[in-house]
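For reference, the chains in residue letters:
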Amino acid sequence: MIYKNIRDNKEYLIESFNYSSDFVVVEFESLFKISLMACYIEGFIDRDLFDRDIYRSLVFNLKKSDDIKYFILTSKVNEICTLEEAIDEILHGRLVLFAEGLKKAYSVDLSKWDKRQVEQPQSEAVVRGPKEGFIEDIAVNKVLLRRKLRNSNLIFEDLQLGKQTRTTISIAYIKGIANQEVLKELKGRISRINADAILESGYIEEFIEDAPGSILATVTETEKPDIVAAKLLEGRIAIFTDGTPHVLTVPRILVEGIMSSEDYYVRPYFGSFLRLIRILALFMSIYLPGVFVALILYHQEMIPTVLLISAAGGREGVPLPITIEVILMIITLELTKESSLRLPKNIGTTVNIVGALVLGQAAVEAGLISAVTVILVSLTALSEFIVPQLTQGIIVYRLVVTLLGGFFGIYGVTCAFLVITMHVISLESFGIPFAWPLAPRDRSGLKDTFIRVHIKKLIYRPKVIARQNVRRQRPPKGD
Amino acid sequence: MKKKIMVLIFYMIAVISLTGCFDANELDELGISLILGFDVVEDKLLITAEVVDPQYSSSSSDTGEGSTVKYVQGIGNTVFEAFRDITLKFDRRIYAAHNKVLIFGEELARSGLITHIDQLFRDREQRESAFMLIAKGARAYEVMGVNSGLETVPANYILDLIKNINNNPKSIDTNIISYMQHYYHEGHHPIVGVIEKKRKNVIDKTSEDKGSEEYELSIIGSAIFRKDKLIGYLNGNDTKAVNYLLNNIENGIITFPIFNSSEEKVQSEGLPTNVSSVNVIKGKTKNDIEINGDKVILKTKINIRAALGELIAKTDVSNEEDIRRLEDACSKTVEVNIESAVKKVQQEYGTDIFGFGMAFHHKYPKQWEKIKENWDEIFKDAEFQIEVKTSIIRTGLINKPTI
């Protein structure tokens, strides 16, 4: 309910906001002695618009409180009837107008705040393809997606999550393509979220994912509208979160980790080549140090003689056992990565130089680390960045494989490989097998897995995800 | 629950630390041996190992200084004992998995190899593909230290010599597994490559230390075995004939005289004229056996595809007839060479190193069971027939000889 008396409303609101300094109440009177009150949060609204379209108009024209809606000269006006609603509106950046003797109030959307510019996301830079990325503002993000999919079937469903933060999140999907079961499951899981705060989409991810204990994520995250559009067109569902540029899509399959939007923008041969390189990088970054340690420690007969001699030459005088040496290098690499990420940019360069010199040259020259190890670990690091979507899993697996390789040789590496493979195959994301189309095998899905065939021939959406409207386009003539 | 987890963690740590790494070897604990030499000295077995000093590969700045390998020796009654004898003289364990050449001293080879080979097969580190060489007229360790090639490691020098047999089949690359196959088969006695230390002309007068450059190694020729005992040597040309009969020819040259009907024969003085050399591109041999009454006939058919490499005769190779004549002359020479080699082996040694016994076994398995015990006697008296067919498929860049 809303009091007829403005003073009561004011007291109630100020009381509700606990005298917070950014809560502003503007009391004014029209020329015809009607008392009015505007409430908003400092910095949340456009003051110029308020002065021009509301304040001035009301002061000059308002004769009767009932006529107030005729003099609010903007289109985004809502009538509200309770003070709780008023508080909610104010918190979402709207201005609420009260008039003396009126049992209702009007919320006017004049919101304006500082936003980051739309720019290229740093983690997903491309050579070919759109360079724009999502920003923190959910409205802008929705527009960015809508501009890719000018389709009335693209639906956004908004809701608010987080008892304290009241964060707006939005579920986006294409009606007629999106997997209905996944959508239902997702809505169910989101409705069960009972979180205190949603500060980033990572919070939601952890609430809705299938295997919270797994090293691998079963929810994809991206900052690029074209990627989200492509995923929606494959039957997936996106979750936008206000306040973060990272948009989630579900369900996720493993091979998304080796895909890039660019694969589809370049020639199919080159796109396929990139895919194969990424698969190589994936395996190298997980297994290379482990296999190396295993060979050097247990299976020297499998290394070509010349290579063995030069490896032995490098090991000569190195004080640490090879396993420790490699693990030390991996950890040092992570240290360098982390510090160059956290430090301010101009100092970050220093870290790079220090890292390169200290780790690379000085350590080898001092005889602390063998040259082969340095080369190997750098190679691992290079490979890791080629598959950014899987980095988090790779780092853990790499350490495990290296340890097992050091303790049990190739036997340990093989065991690690089996365990990892079994784990990947056992995962599911919203009822979709994570390892599809490898396990279960699907020939039509393989057309867009290790290689990317001509777009003309990608007739079907991933069958396991898009259950309805599976055909994308007519097959090319003559095929 | 907590206790259970603690116990589990304890077990995991125990599993990892107790069972793992039991056979781990850090590279700086291994002495990578590339050549092993076996000798008999005063009724004891002497093993010489050439161990790579890996430091030479890491210090790229100063090359040439110091030796790239070290030699260690161990003495014992058995191979195993001799290997263990090394451990108290040398700081690193001899790691034999990269050992690619086994050299046996002549004295040891004459007294029989087979007793010493057991360890080489039983040990999991030894390679069955290691090549065998017999140090002709010397001890194994006497030939091991010589390196007159460009390879920094002497073992690689020897290994490269063995690989070069592909280009010049005057030697034979027998590895230990094929030696054993032949040892166990009555119809095929082993034949093994030889290695010899030879004094060479010191041409480089600028070099300070001529000592190491005084000798070179040569692997021309082969050693004939009866079972596991060395009984004699073949020279390079006879070894080549053996390689033809064993179907080992992939490359190599044939030099043959051309007898023109009208012109003079090969000159008796100076370098010969009217000769030609061809390079074999592909050789294919088929051995066969025929029983004629109670006589055994050894038959061989050889097909050679060759490219003309040199022609010192007045012949025009654009002319097809002349090529025919060259081909016939070439076939004739090969026939004569092989016949003489077979005859020599039959008469001097009487052991079937050509594997005709195997052909017999394949063709007449039942008779073989009866005669295999005295196959060598039969082989000695068997008649040998050979048919060689040569086709020259390339003639080089010029048609007319420069002569």
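Residues numbered from 1 in each chain as written. Chains lettered and ligands numbered in written order. Predicted model: local features only at pLDDT ≥ 70, side-chain atom pairs only at ≥ 80, totals over all residues.

K.L.:
Sorry, what's going on with the overall build of chain B here?
P.N.:
Within chain B one finds 13 helices and 14 strands. Counting only C-alpha atoms, chain B reaches 100 × 65 × 55 Å along its principal axes. The proportion of buried residues among the 403 residues of chain B is 39%. Pairs at least 24 apart in sequence give 72% of the contacts found in chain B among residues at least 6 apart. (Helix = DSSP H or I, 4+ residues; strand = E, 2+ residues; numbered from the N terminus. Buried ≥ 20, exposed ≤ 12 C-beta atoms within 10 Å, placed from the backbone. Contact = placed C-beta atoms within 7 Å.)

K.L.:
How should the domain arrangement of chain B be read in this particular structure?
P.N.:
Much of the literature gives interface size as the accessible area that the parts lose upon coming together. Residue and element names in this part refer to chain B. When its domains are assigned, chain B resolves into domain 1 (26-234) and domain 2 (248-403). Counting residues at the interface gives 14 residues for domain 1, matched by 18 residues for domain 2. Broken down by secondary-structure element, the contributors of at least two residues to the side of domain 1 that touches domain 2 are β9 (222-226) and β10 (229-234). Here the side of domain 1 that touches domain 2 is composed, by residue class, of four nonpolar, eight polar and two charged. (Domains from an automatic or database assignment. Nonpolar A, V, L, I, M, F, W, Y, C, P; charged D, E, K, R; others polar.)

K.L.:
Looking at this model, I keep getting lost on the interface of chain B and chain A. Mind explaining?
P.N.:
Facing the 20 residues of chain B at the interface are 19 residues of chain A. Those elements giving two or more residues to the side of chain B that touches chain A turn out to be β1 (30-41) and α2 (55-58) of chain B. No other element matches α2(B), which puts four residues into the side of chain B that touches chain A. Its residues assigned to classes, the side of chain B that touches chain A shows 11 nonpolar, six polar and three charged.

K.L.:
Could you clarify how one ought to interpret the nonpolar core in this entry?
P.N.:
Formed by 186 residues in total, the largest nonpolar core has its most connected members in B:Ile103, B:Phe104 and B:Leu133. In terms of residue count, helix α8 (residues 268-298) of chain A provides more of this core than any other element does, 14 residues in total. Look past the residues within four positions of B:Phe104 in its chain and what remains in contact with it is B:Phe38, B:Ala109, B:Leu113, B:Met132, B:Ile134, B:Ala135 and B:Ala140. (Core = buried A, V, L, I, M, F, W, Y, C linked by C-beta atoms within 7 Å.)

K.L.:
How do you make sense of helix α7 (residues 225-233) of chain A when you look at a structure like this?
P.N.:
It helps to recall that an α-helix has 3.6 residues per turn; residues three or four apart then point in one direction. All names here are of chain A. Here α7 lies mainly inside the structure; seven of its nine residues are buried. Burial in α7 covers these residues: Pro225, Asp226, Ile227, Val228, Ala229, Lys231 and Leu232. A positive phi of about 100° marks Gly235, the residue just after α7.

K.L.:
So what exactly am I meant to see when it comes to the sheet that holds strand β11 (residues 253-257) of chain B here?
P.N.:
What holds strands together in a sheet is hydrogen bonding between their backbones, with the strands either parallel or antiparallel. All names here are of chain B. Sheet architecture is open: four strands sit in the order β11-β12-β13-β14, paired in mixed fashion. Two strands bound the open sheet, and with one partner strand each, they are β11 and β14 (383-394). Neighbour to neighbour, the strand axes of the sheet diverge by 40° on average, direction disregarded. Sheet analysis places strand β13 (residues 295-312) next to β14, joined by 11 bridges and oriented parallel. Each residue of the ladder has a partner; that of Lys301, found in β14, is Glu387. Packed onto the sheet, helix α11 (residues 356-363) meets β12 (275-292) and β13 and runs at close to 45° relative to β12. (Pairing = 2+ DSSP bridges. Axes fitted to C-alpha atoms, helices over the stretch in contact; angles between N-to-C directions.)

K.L.:
Teacher, can you tell me more about the sheet that holds strand β4 (residues 95-99) of chain A here?
P.N.:
Residues and elements named next belong to chain A. Across the sheet, five strands lie side by side as β1-β2-β4-β5-β3; this open sheet has antiparallel pairing. For this open sheet the edge positions go to β1 (23-29) and β3 (77-80), each flanked by a neighbour on one side alone. Strand-to-strand, the axes of this sheet are offset by a mean angle of 25°, without reference to chain direction. Pairing geometry for β3 and strand β5 (residues 105-108), over four bridges, is antiparallel. Along β5, the bridge assignment pairs Val77 with Val108.

K.L.:
Just to check I follow, could you spell out the environment of A:Ile286 for this structure?
P.N.:
Residue and element names in this part refer to chain A. By the element assignment, Ile286 lies in helix α8. Residue classification places Ile286 among the buried positions, given that 29 C-beta atoms sit within 10 Å. The spatial distance from the C-alpha of Ile286 to the C-alpha of Leu343 is 27 Å, given a sequence separation of 57 residues. Setting aside anything within four residues of it in sequence, one finds Ile286 in contact with Ile394, Tyr397, Arg398 and Val401.

K.L.:
Please explain the pairing of β4(A) as it appears in this structure.
P.N.:
Along any regular strand the residues' side chains alternate between the sheet's two faces. All names here are of chain A. For β4, the buried fraction is high: five of the five residues fall into the buried class. Burial along β4 is two-sided: the face carrying Leu95, Leu97 and Ala99 and the face carrying Val96 and Phe98 are both buried. For strand β2 (residues 35-41) and β4, the ladder comprises four bridges, and the chain directions are antiparallel. Of the residues in β4, the one forming a bridge with Leu36 is Ala99.

K.L.:
Looking at this structure, I do not really get the confidence of the model for chain B. What am I missing?
P.N.:
As a note on interpretation, predicted positions should not be read in detail where pLDDT is low. In this model, chain B carries an average pLDDT of 86, and 91% of its residues clear a pLDDT of 70 or more. In the model output, the complex is listed with pTM 0.82 alongside ipTM 0.81. (pLDDT = per-residue confidence, 0-100.)

K.L.:
It is not clear to me how helix α4 (residues 138-148) of chain A should be interpreted in this structure. Could you clarify?
P.N.:
All names here are of chain A. Of the residues making up α4, those classed as buried are Ile138, Asn141, Leu144 and Leu145. End-on view of α4: buried residues confined to an arc of 115°, all on one side of the axis. Seen from the open side of α4, the exposed residues pointing more than 90 degrees away from its buried face are Val143 and Arg147. Residues of α4 that are buried sit in contact with β7 (167-174), α7, β9 (237-241) and β10 (247-250). (Arc of directions from axis to C-beta.)

K.L.:
Which parts of the structure should I look at to understand the environment of B:Leu234?
P.N.:
Residue and element names in this part refer to chain B. With respect to the secondary-structure elements, Leu234 resides in strand β10. Residue classification places Leu234 among the buried positions, given that 26 C-beta atoms sit within 10 Å. C-alpha of Leu234 to C-alpha of Phe259: the two residues are 25 residues apart in sequence and 29 Å apart in space. For Leu234, the residues in contact, after removing those within four places along its chain, are Gly221, Ser222, Ile224, Thr239 and Val242.

K.L.:
Help me understand the packing of α8(A) against helix α13 (residues 391-408) of chain A, please; the structure alone is not making it clear to me.
P.N.:
Geometry of a packed helix pair, given as the angle between the helix axes and the separation of the axes. Residue and element names in this part refer to chain A. Close contact between α8 and α13 brings their axes to 8 Å; oriented N to C, the two are set at 10°. Judged by the inter-axis angle, α8 sits roughly parallel to α13. The segment α8 lies against α13, with Ser285, Ile286, Tyr287, Pro289, Gly290, Val291, Val293, Ala294 and Leu297 engaging Ile394, Tyr397, Arg398, Val401, Thr402, Leu404, Gly405 and Gly406. Taken together, the residues of the contact of α8 with α13 break down into 11 nonpolar, five polar and one charged. (Parallel < 35°, antiparallel > 145°, perpendicular 65-115°, else oblique.)

K.L.:
Quick question: what am I supposed to make of the pairing of β7(A) here?
P.N.:
Residue and element names in this part refer to chain A. Most of β7 sits out of view: seven of its eight residues are buried. One ladder, built from eight bridges, connects strand β6 (residues 154-161) with β7; its direction is antiparallel. In the strand pairing of β7, Asp158 is matched with Ser170. Counting the residues that bridge the hairpin from β6 to β7 gives five residues, and of these Gly162 lies at a positive phi of roughly 95°. Where β7 meets β9, four bridges bridge the pair, whose relative direction is antiparallel. Bridging from a neighbouring strand, Ala172 pairs with Ala238 of β9.

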